[in-house]
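# Reading the structure
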Amino acid sequence: MLSHHLPEGVAPAQGYSHVVMGEGRLVVISGQVALDEKGNVVGEGDPAAQARQVFENLGRCLAAGEATFADVAKLTFYVTDIGFLPAVRAARDAHVDVKRPPASTAVQVTALVRPELLIEVEALAIIPW
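In what follows, the accompanying structure is described. (Residues numbered from 1 in each chain as written. Predicted model: local features only at pLDDT ≥ 70, side-chain atom pairs only at ≥ 80, totals over all residues. Heavy atoms only, no water.)

### With respect to the overall build of the protein
We count it as follows: Only DSSP runs of H or I covering at least 4 residues are called helices, and only runs of E covering at least 2 are called strands; the numbering of each starts at the N terminus. Residue exposure (1.4 Å probe, protein chains only): buried if accessible area is under 20% of the type maximum, exposed if over 50%, otherwise partly exposed. The accessible surface values rely on the Shrake-Rupley method and a 1.4 Å probe; as for residues, cover is taken only from the protein chains in view.
Check the secondary structure of the protein and you find two helices and six strands. Counting only residues that meet the buried cut, the protein has 43% of its 129 residues in that class. Carbon and sulfur atoms make up 53% of the accessible area of the protein, which totals about 7,000 Å².

### Section: the pairing of strand 5 (residues 103-108)
In plain terms, the rule: Think of it this way: DSSP has to see at least two bridges between two strands before they count as a pair. Here a crossover is taken to be right-handed if, once the strands point away from the viewer, the path from the first strand over the helix to the second is traced clockwise.
Sheet topology note: the strand 4 (residues 72-79)/strand 5 ladder contains six bridges and is parallel. Opposite L75, over in strand 5, you have S104 as the bridge partner. Regarding topology, helix 2 (residues 85-93) serves as the crossover connection from strand 4 to the parallel strand 5, and that connection is right-handed.

### Quick word on the environment of E44
In plain terms, the rule: We call two residues contacting when some pair of their heavy atoms lies within 4.5 Å.
Its location among the elements puts E44 in the loop between strand 3 (26-32) and helix 1 (47-64). For E44, a relative accessible area of 62% corresponds to the exposed category. Each C-alpha atom of the pair E44 and P115 lies 9.8 Å from the other, and the pair is 71 residues apart in sequence. Here E44 is in contact with Q50 and E116, once residues within four sequence places are set aside.

### Some remarks on helix 2
Inclusion rule: Think of the arc as the fan of directions from the helix axis to the C-beta atoms.
Listed as buried for helix 2 are L85, A87, V88, A91 and R92. What you see down the axis of helix 2 is that its buried residues fit within an arc of 160 degrees, all on one side. Packing partners of the buried residues in helix 2 comprise helix 1, strand 4, strand 5 and strand 6 (119-126).

### So, the nonpolar core
Put simply, the rule is: Remark: nonpolar core denotes a set of buried residues (Ala, Val, Leu, Ile, Met, Phe, Trp, Tyr, Cys) joined through side-chain atoms within 4.5 Å.
Of all hydrophobic cores here, the largest spans 34 residues; its most connected members are I29, F55, L58, I119 and V121. Only strand 3, helix 1, strand 4, helix 2 and strand 6 provide two or more residues apiece to this core. Looking at this core, the element that brings in the most residues is helix 1, giving six residues. Here I29 is in contact with H18, V19, L58, C61, L62, E122 and A123, once residues within four sequence places are set aside.

### A closer look at the pattern of salt bridges
Let me state the cut-off plainly: By definition, a salt bridge exists where a carboxyl oxygen of Asp or Glu is found within 4 Å of a side-chain nitrogen of Lys or Arg.
According to the stated counting rule, one finds three salt bridges in the structure shown. Note that R92 is salt-bridged to D93, the shortest N-O span being 2.9 Å.

### Concerning helix 1
An α-helical turn contains 3.6 residues, so a residue and the one three or four places further along point in the same direction. Selection rule: Multiply 1.5 Å by the residue count of a helix minus one, and that product is the helix's expected span. In protein, a polar contact requires one atom able to donate a hydrogen and another able to accept it; more generally it is a pair of N or O atoms within 3.5 Å, and residues adjacent in sequence count only if both atoms are side-chain atoms.
Taking 1.5 Å per residue, 18 residues should reach 26 Å; helix 1 reaches 26 Å between its end C-alpha atoms and fits that length. Within the span of helix 1, buried status applies to P47, A49, Q50, A51, Q53, V54, F55, N57, L58, C61 and L62. Where helix 1 starts, the residue carrying a side-chain oxygen 3.1 Å from the main-chain nitrogen of A48 turns out to be D46. One or two steps after helix 1, the chain reaches E66, where phi turns positive at roughly 60 degrees.

Written as C-alpha cells, this is what we have:
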C-alpha cells in the first residue's frame, strides 16, 4: 500500500502527490518548482533564486518521505532555457555530495505549468534497508 503526503511548507499540488512511499523504501518526488508554501513564485525572472527555492522544496519533500539528499538516486531537471543549468547545478551542489552525485537528466522545455516558472526538478530516492 502506498502512502501520500503533502509536506509542510510546500504549496498544495493539483492532480498529483508531492511524495509517494511504498515497500522497498523508494521515495518518488514530483517535480518541484519555485513556489513558496503559499503558492507564490519565488525569484521571478531569476534562475538562481528559483533553483534555490526548488531545492528547498525538494528537501521538505524528501524529509516528508523520511529521506535526505544523501538518499537521492536520480534527479530530473526541466528548464525553459538550458542556460539555467549552472544555477541549477549550484543549488544542487549545495545539497548533494558532489563527489558522489545522483544520476541526472536535463531537458529544455517550451514552458512549465506557469509562465513565470523557469525550473522544475523531480527526484527519486532510495532509503537503505
